[in-house]
Amino acid sequence: MKVLRAGFFDSSSPNSAFRLYPSSFPQVPLAVPYWNGETCRAILRSLFSGTVEEGPDVQRLQSSVMATLGVENADLCGSGSLALEIALRACGVGRGDEVVIPTFCCTAIVAPILTVGAVPVLADVGAELNITVEKVAAALTKNTKAIIVPHLFGNPAEIGAIIDLVRGGNIRVIDDAAQALGATIEGRPVGSFGDVGILSFGSEKVCSGLGGGVAVYRNKELFSGAGALDLAPARIFTSLRTLLSTIFFRRWRRWMLPLLSRVMNPSGPDAPPASYRAESMANLNAAVAVSLMRTLRENIAARRARVDAYRDLLGTEEGLTPIPHRVGSACLTQVVRLLPSRRDEDSASEIIQALGRAGFEVQGSYVPIHLLPRFRQWLRAPLAHAEQVWSDLIELPCEPSVSFAQVERIANIVKRVLNN
């Protein structure tokens, strides 16, 4: 769960009048999907041909994923969380087994672990905010059955070293590329490492579509992930509701955000993760994902260019450290860490509010899972780095729709707040 999101409307009390200003509509709303004309045509084709639930795009997406990642099999399903559950079952994870995960991560990673009866073991993260081989080694026990390695913010983690650490044992490695579709490590696609990988086409992803997940396997003879679950068919009304919510909440976010902010109650960081259903991916969702796969290269190239711009503009700024992206990163977003000069400063919150007033919808980053009351029971050892840095992090936008002039303006606002 992420916190500290900028607001864009005036409601000083619950009963205050709703007042809109020109600045109420953000110039750069948060995580607008990178859709084009082909995406819209794919949606219309699915709707008017009656192939919302079932159709040929599911097979097309499966073939595209397999070709892009160089894997032998891909199981499509209704969500990224379900894909993770399939991956865990494919790895033989069950009741009483331990699964190592980073504490600095989306809380949605926990639900599939609990669903298969396993126990999450929280590990610290390194300077790049990803789990590292040293942190994994500190969390291993005789009951460890699997390690989930997310590549946060599109930035590749050191999954190769983690695989080497447990090689020859009975511990599986799950390559969580939900945020990193299109990223590579030494030319090899992220998601294709480890014993099984997962992808996501949900919101705030590189290929942000209508939802859906994929479990991928390098050796289809070794695993049969979807076979461990009886997936229900996709539901047409759920698919159509998701389509409408994505259009209003994401594609038209710039114009709808003031109204959405007024009528929706934002959940807190300790809210339970959204539930998921064991169902197949809808053809409508697959149709959107196929169009996004076709623009993946230009999408990532644009994101990388914006990360380079942030580095040039903010890389030498005193009091701030951009979290570096490795070669091959998908550059989902650029995270910066603020270094307060006084212990009572909250520079991150000040910058988020200043950017919000200027029309840029930005947010802080994850609250470490072990700091949330409902998850504290799984804390076994101090996780110092995550605790030290999380409240000083800001995620800056890298979507292709963000112009370089807007990147420069964001950087100037950050500098102005820091230098005041």
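Bear in mind that the values here come from a model prediction, so they are computed numbers and not experimental data.

Calculation notes
- Residues numbered from 1 in each chain as written.
- Predicted model: local features only at pLDDT ≥ 70, side-chain atom pairs only at ≥ 80, totals over all residues.
- Heavy atoms only, no water.
- Helix = DSSP H or I, 4+ residues; strand = E, 2+ residues; numbered from the N terminus.
- Buried < 20%, exposed > 50% of the residue type's maximum accessible area, 1.4 Å probe, protein only.
- Contact = heavy atoms within 4.5 Å.
- Areas by Shrake-Rupley, 256 points an atom, 1.4 Å probe, with all protein chains shown as cover.
- Patch = residues over 30% accessible without salt bridge, like charges linked within 9 Å, V, L, I, M, F, W, Y side chains within 5 Å.
- Salt bridge = Lys/Arg side-chain N within 4 Å of Asp/Glu carboxyl O.
- Expected span 1.5 Å × (residues − 1).
- Arc of directions from axis to C-beta.
- Lys, Arg positive; Asp, Glu negative; His and termini not counted.
- Polar contact = N/O pair within 3.5 Å; in protein donor to acceptor, adjacent residues only side chain to side chain.
- Phe/Tyr/Trp six-rings, centres within 6.5 Å; stacked < 30°, edge-to-face > 60°.
- Lys NZ or Arg CZ within 6 Å of the ring centre and 35° of its normal.
- Pairing = 2+ DSSP bridges.
- Axes fitted to C-alpha atoms, helices over the stretch in contact; angles between N-to-C directions.
- pLDDT = per-residue confidence, 0-100.

## So, the overall build of the protein
Scanning the protein from terminus to terminus reveals 13 helices and 13 strands. Going through the 420 residues of the protein one by one, you find that 56% of them count as buried. A separation of at least 24 residues holds for 76% of the contacts in the protein among residues at least 6 apart in sequence. Summed over its atoms, the accessible surface of the protein is roughly 18,000 Å², and 52% of this surface lies on carbon and sulfur atoms.

## Side note on a nonpolar patch on the surface
A contiguous nonpolar surface patch, about 380 Å² in accessible area, is contributed by L244, F248, F249 and W252. Assignment of secondary structure puts W252 in the loop between α7 (236-251) and α8 (253-263).

## Brief notes about helix α2 (residues 57-69)
Taking 1.5 Å per residue, 13 residues should reach 18 Å; α2 reaches 18 Å between its end C-alpha atoms and fits that length. Residues of α2 that are buried include every one of D57, L61, Q62, S64, V65 and L69, and no others. Angularly, the buried residues of α2 cover 165° about the axis, an arc narrow enough to put them on a single face. Buried positions along α2 lie against α1 (37-48), β1 (73-77), β7 (188-189), β8 (196-200), β9 (213-217) and α9 (283-294).

## A closer look at the pattern of salt bridges
All told, the structure shown has 13 salt bridges when counted by the stated rule. Between R326 and E128 there is a salt bridge, with the nearest N and O atoms lying 2.8 Å from each other. Of this pair, R326 sits in the loop between β10 (320-322) and β11 (333-338) while E128 sits in the loop between β3 (119-123) and α5 (133-139), and the two are 198 residues apart along the sequence. Residue classification places R326 among the partly exposed positions, given a relative accessible area of 34%.

## Digging into the side chain of D124
With respect to the helices and strands, D124 occurs in the loop between β3 and α5. Despite being buried, D124 has no salt bridge partner; K135 is the closest side chain of opposite charge, sitting 4.2 Å away. There is a polar contact of 3.0 Å between the side chain of D124 and the backbone nitrogen of A384. A polar contact of 3.0 Å, which involves the side chain of D124, links it to the backbone nitrogen of A386.

## Quick notes on the packing of aromatic side chains
Considering all chains together, one arrives at four aromatic pairs under this definition. An aromatic cluster is defined as three or more aromatic residues linked by ring pairs; in this entry it consists of F104, F153 and Y366. Its guanidinium or amino end placed over the ring of F404, R306 lies 4.4 Å from that ring's centre, counting from NZ or CZ.

## Looking at the sheet that holds strand β5 (residues 172-176)
On the basis of which strands lie adjacent, the open sheet formed by seven strands has the order β1-β9-β8-β5-β4-β2-β3 and mixed pairing. The outermost strands of the open sheet, each flanked by one partner alone, are β1 and β3. Strand-to-strand twist of the sheet, defined as the mean angle between neighbouring strand axes without regard to direction, takes the value 25°. Sheet topology note: the strand β2 (residues 98-102)/strand β4 (residues 144-150) ladder contains three bridges and is parallel. Looking at β4, one finds that V99 is bridged to A146. Sitting on the sheet, α2 is in contact with β1, β8 and β9, with an inclination near 135° to β1.

## Section: the environment of R41
Within the secondary structure, R41 sits in helix α1. In the structure, R41 is positioned 247 residues away from V288 in sequence and 9.2 Å away in space, judged by C-alpha atoms.

## Here we look at the confidence of the model for the protein
Do not read the fine detail of predicted coordinates wherever pLDDT is low. Looking at the protein as a whole, its pLDDT mean stands at 89, while 87% of the residues score no less than 70. Confidence drops under a pLDDT of 50 for residues 7-22, and excluding neighbours within four residues, the segment shows 28 contacts in the predicted structure.

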